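Chain and residue survey
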Amino acid sequence: MGFDDHRRFTLRQLAVFVAVAESGAISGAARVLDISETSVSATLSDLERALGQRLFLRRRSRGVELTTHGRAALDRARRLLEAADEMHVDLTDRHSLLAGTVRLGVMNGLAPVLAPPVIAACRARFPAIRLELVLDGQEQLVDRLGTEVDLAVVLGRQLPRRVPRRELFETRVHAVLPADHPRAAQASVALRDLADEPFVMSDTPAAVEHAYAMYEAIGATPKVAYTCRGLEVVRSLVGRGLGFTLQVLRPSGDHSYEGLPLAVRPIDDVDIREVVVVAWSAEVHTSSRAEALIELTAQALDTAELRAAMNV
């Protein structure tokens, strides 16, 4: 049985639909696609007529909002566009021709160290892949996998078992101390010796959970002096002598964002390590370009220079 003309739709219509859904506005999609807003609106209307369903509620002051049918159609549209992209790939040299968008989520605390080498490697190896970087907390990135994020670089120990992942490397926990701290001269420090001192805590759920697990291992509770979001703010408070903190990943350079010196020393009496992983959704088809980026991420983060800089 064939389709009547009024039931047919095009890949271009699907591309416009996805662009509007991702930008949240007809004007935003028009800028991304470099076409007029009138053309975007007309294309959407044609697609809705072809499907016999309204995909968006158009709100004059708030842009557009996906309907129930629109939300159901969005993932299918993305998969159809990805399949169409992959039809253009030469199987004798697939990686050299990979093109399209991959949305890479990176946990806030890991992003300053891990995102740049991955982005640089992707640009060099797959210049036709458009890598969109999404920064958020661990739980938020995991919740967005398969919908707003294709891949996520997060901590494996706190990742639900149902989520597929590839391990990248294991980290060692470090204490970050003011440079003039009495124990700064030591090569390593014991958390027991710091347990009664003011603790500067990152307020992300992953960081809080890990800190309490570390203290629980020594039978203590952190004496939290300050909580704040953002690795550099935490390190700056430590640089000012307002307490110490624990760091799962060690950036290169022992200075705060203000330029104040820090002493970063490995913890030697508690060995609760974290594994950094790249994760994806088990419920959504993984495109060939996302699969290529998984492999590229593992390669980009497995260099002697990067490991030495992070002291892992």
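**Here's the deal with the pairing of strand E5 (residues 151–155)**
For E5, the tally of buried residues reaches 5 of 5 residues, placing the bulk of the element in the interior. In the sheet, strand E3 (residues 100–107) pairs with E5 via 3 bridges, with the strands oriented parallel. The residue of E5 that forms the bridge with Val106 is Val153. Bridge count for E5 against strand E12 (residues 274–279) is 4 bridges, and the pairing is antiparallel. Bridge pairing in E12 places Ala152 opposite Ala279.

**Focus on the side chain of Thr245**
Note on placement: Thr245 falls in strand E10 (residues 245–247). Look at Thr245 and you get buried, because its relative accessible area is 4%. One polar contact links the side chain of Thr245 to the main-chain carbonyl oxygen of Val200, over a distance of 2.7 Å. For Thr245, the residues in contact, after removing those within four places along its chain, are His174, Ala175, Val176, Phe199, Val200, Val234 and Val238.

**What about the environment of Leu133?**
Along the chain, Leu133 falls in strand E4 (residues 129–136). Assessed through its relative accessible area of 36%, Leu133 is described here as partly exposed. C-alpha of Leu133 to C-alpha of Ala115: the two residues are 18 residues apart in sequence and 8.2 Å apart in space. Ignoring anything within four residues of it in the chain, the contact list for Leu133 reads Leu104, Val106, Ala115 and Ile119.

**Overview of the environment of Asp268**
Tracing the sequence through the fold places Asp268 in the loop between strand E11 (262–266) and E12. Take Asp268: its relative accessible area is 43%, and that puts it in the partly exposed class. As a C-alpha pair, Asp268 and Arg172 span 96 residues in sequence and 9.6 Å in three-dimensional space. Contacts of Asp268, omitting those with residues within four sequence positions, involve Arg172, Ser188, Val189 and Ala190.

**Here we look at the sheet that holds strand E7 (residues 174–178)**
Here we have 3 strands laid out as an open sheet, ordered E10-E7-E11, and antiparallel in their pairing. Each end of this open sheet is capped by a strand with a single partner; those strands are E10 and E11. Ignoring strand direction, the axes of neighbouring strands in this sheet form an average angle of 35°. Pairing between E7 and E10: 3 bridges, direction antiparallel. In the strand pairing of E10, Ala175 is matched with Leu246.

The rules behind the values
Residues numbered from 1 in each chain as written. Predicted model: local features only at pLDDT ≥ 70, side-chain atom pairs only at ≥ 80, totals over all residues. Heavy atoms only, no water. Buried < 20%, exposed > 50% of the residue type's maximum accessible area, 1.4 Å probe, protein only. Helix = DSSP H or I, 4+ residues; strand = E, 2+ residues; numbered from the N terminus. Pairing = 2+ DSSP bridges. Polar contact = N/O pair within 3.5 Å; in protein donor to acceptor, adjacent residues only side chain to side chain. Contact = heavy atoms within 4.5 Å. Axes fitted to C-alpha atoms, helices over the stretch in contact; angles between N-to-C directions.

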